[in-house]
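# Topology and contacts: notes
Residues per chain, in single letters:
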Amino acid sequence: MKFILNPGQLSLSDFRVLLNENTTLELHANCIPNIHASEKIITDTIAEGNTVYGVNTGFGVLANTRINTADLQTLQRSIVLSHAAGTGELFNDLIVRLILVLKINSLARGFSGVKMQTIDALILLFNAKIYPCIPSQGSVGASGDLAPLAHLSTVLIGVGEARYNGKIISAKEALAKINLKPLKLAPKEGLALLNGTQASTALAILGLLASEDIFVSAITAGALSVDATKGSDTPFDERIQAVRGHIAQIKVAQMIRNLLEKSEIRESHRHCIKVQDPYSLRCQPQVMGACLSHLWHASETVLIESNAVSDNPLVFTAQNEIISGGNFHAEPIALAADSLAISIAEISALSERRIALLVDPHFSGLPAFLVNNPGVNSGFMIAQVTAAALASENKSLAHPASIDSLPTSANQEDHVSMATYAARRLLPMTENAAGIIGIELLAACQGIDFAQPLKTSPKLEKVYQFIREKITFYEADRYFAPDIASAKSFIQSGKIRELVEISIL
């Protein structure tokens, strides 16, 4: 599939397409004149002998150092090499693929002064599935994601390594596969490649997309848990939500009502004497609604940043000006990622509490630990412990990264965002959340089994039947880990979201 990129107009659904490795990229022809025009302004500026930061000066605290014209090409190569100082595990191919898309999208808007040849080289890497090796640690998200983007850029100049078909090869081997010789970067090109928030933004996008699957699966598991424990659907009445007025709360209550509609289990105890359910069941619209509000806000921020020009200085062709500013500061992504992290932790915590209810006969009315002959069988006892461990880990990971700042570059960069770490920890958090919610899905389905011959609602029955086709009823103790792994995969693959037909982004 060929994707025509109109720079500055990417959507979240576009990212799902672009993450598919069968998708190739091509620039829309309407952006090419702007790219050439911004490059010409850089060339003219040098010819006229003007001094412009990043074009013919040093960088950071060395910005006041004028560089001789004869050294300008060396300057751009030097900044790439010196800034490729990352450490830690390498980003996986999907993360690098997304960083490439975002860097191409930003440069192709025509405010960066780079050559068309340089953008074309990035597109060739993307289309050939050649992914520069980028260490995951080393960026504070201030003057852009300098170290990660430097590692991305070293491959263009024939230095460093790349991954191709799962194997690590040299940069020169990588360039040979796309019939390219190492590039000689023109004035400002090295800085344009290194400046920008593309690494932290790519991580935030992947965290956000994973959060949608986590959120919808948690809503589904929560509705199943209501039925499994013979809970009430009254707290989801639209009038309760309307008088509070939060749109996301109203939306979540509607989702749960729709999921529980026409449940035989619910009708069987419509007039029972139980007055109220615990908060993890009853307050789902309030808690999950608050989380949904944050997901929506993070989505808006991340999408804007995905289409942003965030290097420095910027070239404005209409006014024939080069202006230095601070679009590379990743505070918007840092705050959005922190908000996502807190929401993921809360979604996890609520799900874990419902698992605790399900295994406790005093609250659920079900056999202890959801298994026949408890005592001989331990059932879901340790599965709930695993959920508790994952929920606790997510609480620690949710500590805001953006409130931490350490000055860098001899205090020139005296406030940093920590956006890269803020976004990088989202995927491990969604991995933990998928484990918790997967356990809840298994526990809730076990509770539904104990209600037979009564059935849950038609919509939830689809989920129940899908799970039971893959994972049988827990009749007696067995090797549990494969069941949890399977349930996690249903969530992470988007299958649960597909079955219930709920989309939130």
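We now turn to the structure provided with this report. Given the structure is predicted, the values throughout are model-derived calculations rather than measurements.

Rules and cut-offs
- Residues numbered from 1 in each chain as written.
- Predicted model: local features only at pLDDT ≥ 70, side-chain atom pairs only at ≥ 80, totals over all residues.
- Heavy atoms only, no water.
- Helix = DSSP H or I, 4+ residues; strand = E, 2+ residues; numbered from the N terminus.
- Buried < 20%, exposed > 50% of the residue type's maximum accessible area, 1.4 Å probe, protein only.
- Contact = heavy atoms within 4.5 Å.
- Polar contact = N/O pair within 3.5 Å; in protein donor to acceptor, adjacent residues only side chain to side chain.
- Salt bridge = Lys/Arg side-chain N within 4 Å of Asp/Glu carboxyl O.
- Pairing = 2+ DSSP bridges.

## Regarding unusual backbone geometry
- Each neighbour pair has its own omega, and for Asn 312 with Pro 313 the value is -5°, a cis peptide bond.
- Within the fold, Pro 313 resides in the loop between α14 (284-306) and β8 (314-316).
- Going from Gln 452 to Pro 453, the amide bond is cis rather than trans, its omega being 15°.
- Here Pro 453 is to be found in the loop between α19 (426-450) and α20 (458-470).
- Not every positive phi belongs to a glycine, and Leu 370 is a case in point at roughly 60°.

## Regarding the environment of Tyr 131
- Position of Tyr 131 among the secondary structure elements: in strand β4 (residues 130-132).
- For Tyr 131, a relative accessible area of 2% corresponds to the buried category.
- In this structure, the C-alpha to C-alpha distance between Tyr 131 and Ser 38, residues 93 residues apart in sequence, is 27 Å.
- Not counting the four nearest positions on each side in its chain, Tyr 131 is found in contact with Glu 21, Asp 93, Val 96, Arg 97, Leu 100, Ala 162 and Arg 163.
- Here the side chain of Tyr 131 touches Arg 97 through a polar contact of 2.9 Å, side chain to side chain.

## Quick notes on the pattern of salt bridges
- In total, this model carries 18 salt bridges according to the counting rule given.
- Put simply, Glu 440 and Arg 354 hold a salt bridge, and the shortest N to O gap is 2.6 Å. Taken together, the residues Glu 440 in helix α19 and Arg 354 in helix α15 (residues 331-359) connect sequence positions 86 residues apart. In this pair, the class of Glu 440 matches that of Arg 354, namely buried.
- One salt bridge connects Lys 488 with Glu 431, and the closest N-O pair in it is separated by 2.7 Å. In this pair, Lys 488 is assigned in helix α21 (residues 481-492) and Glu 431 in helix α19, connecting sequence segments 57 residues apart.
- Each of Asp 233, Arg 266, Glu 267 and Arg 270 takes part in one network of salt bridges that share partners.

## What to know about the pairing of strand β6 (residues 161-164)
- The pairing of β4 with β6 spans three bridges and is antiparallel. Across the sheet, Pro 132 pairs through a bridge with Ala 162, a residue of β6.
- Direction of pairing for β6 relative to strand β7 (residues 167-170): antiparallel, over a ladder of four bridges. Note that in β7 the partner of Tyr 164 across the bridge is Lys 167.
- Between the antiparallel neighbours β6 and β7 lie two residues, among them Asn 165 with a positive phi of about 55°.

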